Amino acid sequence: EAGVAQSPRYKIIEKRQSVAFWCNPISGHATLYWYQQILGQGPKLLIQFQNNGVVDDSQLPKDRFSAERLKGVDSTLKIQPAKLEDSAVYLCASSLAVKQYFGPGTRLTVT
Amino acid sequence: DQQVKQNSPSLSVQEGRISILNCDYTNSMFDYFLWYKKYPAEGPTFLISISSIKDKNEDGRFTVFLNKSAKHLSLHIVPSQPGDSAVYFCAAGSGSSNTGKLIFGQGTTLQVKP
């Protein structure tokens, strides 16, 4: 069974630039999550989708972050404009039930 | 408000000995708990879970204990192996939320020395 795919794996941008991350969940998983993991901290949920609908985006900084999950499969997370404090690993996860399966993450460095 | 806390940032044990990783939570609505392991440059991988109706769950070398009255859970690894060296996260969720949302602790870095 193929796991959760994410791209790119690494990205370096300057502050005020924009960036987009892509996630392809495990086939058949209806629920998709985007997490932000800052160094030394645990993953923090940014947004959760059930199929193509948003279930929870209470922690998403909506003035600069946006996410979509067209057709209920792949998802993209965008940051525009980026700030220095956005430097983190962005993890995508998918699930059928309680257990979440994570992708390898995208390490973003904002300079 | 840190609802899930792992107060030990790091732990070092000798190969073959027991590793005990601890996790505390504050929200009494949490009714299931998971442990994830994370290697550098990889995403977290599921290790073991426990429901609040149980106080112990075992899977091979890994055992999770839950003390609901103390709002505390621990992960025991016996015997510890060098390949167990990784960051371990505990996570908690509430079935009543109907979202499957997990709250993660800060992580504990385990080093198992040969």
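Quick caveat: nothing in here was measured; it's all calculated off a predicted structure. (Residues numbered from 1 in each chain as written. Chains lettered and ligands numbered in written order. Predicted model: local features only at pLDDT ≥ 70, side-chain atom pairs only at ≥ 80, totals over all residues. Heavy atoms only, no water.)

(A) Local environment of the overall build of chain A. Scanning chain A from N- to C-terminus turns up 0 helices and 11 strands. Reading the secondary structure of chain A in the N-to-C direction produces β-β-β-β-β-β-β-β-β-β-β. With the principal axes as the frame, chain A shows a C-alpha extent of 35 × 25 × 25 Å. A burial count over chain A gives 44% of its 111 residues as buried. Taking all contacts inside chain A whose residues are at least 6 apart in sequence as the whole, residues at least 24 apart take part in 52%. Carbon and sulfur atoms make up 51% of the accessible area of chain A, which amounts to about 5,500 Å² in all. In chain A, 13 side chains carry a positive charge and 9 a negative one; their mean positions are 3 Å apart. (Helix = DSSP H or I, 4+ residues; strand = E, 2+ residues; numbered from the N terminus. Buried < 20%, exposed > 50% of the residue type's maximum accessible area, 1.4 Å probe, protein only. Contact = heavy atoms within 4.5 Å. Areas by Shrake-Rupley, 256 points an atom, 1.4 Å probe, with all protein chains shown as cover. Lys, Arg positive; Asp, Glu negative; His and termini not counted. Charge placed at Lys NZ, Arg CZ, Asp CG, Glu CD.)

(B) Expanded view of the sheet that holds strand β1 (residues 5-7) of chain A. All names here are of chain A. Taken together, the 4 strands give an open sheet; going across it, the order is β1-β3-β8-β7, and neighbouring strands pair in antiparallel fashion. Every other strand in the sheet has two partners, leaving β1 and β7 (65-68) as the edge strands with one partner each. If you compare each strand with its neighbour and ignore which way they point, the axes differ by 15° on average. As judged from the 3 bridges shared by β1 and strand β3 (residues 19-24), these two strands associate in the antiparallel manner. When the sheet's bridge partners are listed, S7 is paired in β3 with W22. (Pairing = 2+ DSSP bridges. Axes fitted to C-alpha atoms, helices over the stretch in contact; angles between N-to-C directions.)

(C) Examining the sheet that holds strand β6 (residues 56-59) of chain B more closely. Reading across the sheet, the 5 strands line up as β1-β3-β8-β7-β6 (chain B) and stay open at both edges, with antiparallel pairing between neighbours. Every interior strand has two partners, whereas the edge strands, β1 (4-5) and β6 of chain B, have only one.

(D) Broad picture of the interface of chain A and chain B. Each side of the interface is counted separately: chain A has 21 residues, and chain B has 17 residues. Both faces combined, the contact of chain A with chain B buries some 1,400 Å², and carbon together with sulfur accounts for 60% of it. The interface formed by chain A and chain B contains 1 salt bridge. At the boundary of chain A and chain B, one finds 3 residue pairs in polar contact (both at pLDDT 80 or more). Counted by class, the side of chain A that touches chain B contains 10 nonpolar, 8 polar and 3 charged residues. (Buried area = accessible area lost by both parts, 1.4 Å probe. Salt bridge = Lys/Arg side-chain N within 4 Å of Asp/Glu carboxyl O. Polar contact = N/O pair within 3.5 Å; in protein donor to acceptor, adjacent residues only side chain to side chain. Nonpolar A, V, L, I, M, F, W, Y, C, P; charged D, E, K, R; others polar.)

(E) Focus on the pairing of β7 of chain A. Residue and element names in this part refer to chain A. By the bridge criterion, 4 bridges tie β7 to strand β8 (residues 75-79) in an arrangement that is antiparallel. Within β8, the position partnered with S66 by the bridge is K78. Adjacent in sequence and paired antiparallel, β7 and β8 are bridged by 6 residues, among which K71 carries a positive phi angle near 60°.

(F) Region of the structure containing the environment of G16 of chain B. All names here are of chain B. Along the chain, the position of G16 falls in the loop between β2 (10-14) and β3 (19-25). Once the C-alpha coordinates of G16 and F46 are considered, the two residues, 30 residues apart in sequence, prove to be 22 Å apart. Apart from the residues lying within four places of it in its own chain, the contact partners of G16 are P79 and S80.

(G) Structural context of the layout of surface pockets. By volume, the largest pocket is sized at about 480 Å³. Taken together, 25 residues form the lining of the largest pocket, with Q37, I38, L39 and G40 of chain A together with V87 of chain B sitting closest to its centre. Elements with a contribution of two residues or more to the lining of the largest pocket: β9 (88-95) and β11 (106-110) of chain A together with β9 (86-93) and β11 (108-113) of chain B. By residue class, the composition of the lining of the largest pocket is 12 nonpolar, 11 polar and 2 charged. One number sums up the size of the second largest pocket: a volume of about 340 Å³. The wall of the second largest pocket is formed by 14 residues, among which P43 and K44 of chain A together with Q2, I103 and F104 of chain B lie closest to the centre. Mapped by element, the contributors of at least two residues to the lining of the second largest pocket are β5 (44-50) of chain A together with β10 (102-104) of chain B. At 3 residues, the largest contribution of residues to the lining of the second largest pocket is made by β10 of chain B. Counted by class, the lining of the second largest pocket contains 5 nonpolar, 6 polar and 3 charged residues. (1 Å grid on protein atoms, 1.4 Å probe; cavity = no way out; pocket = protein on both sides within 12 Å on 5 of 7 lines; lining within 4 Å. Points joined across faces, edges and corners; volume = space filled by probe spheres on them.)

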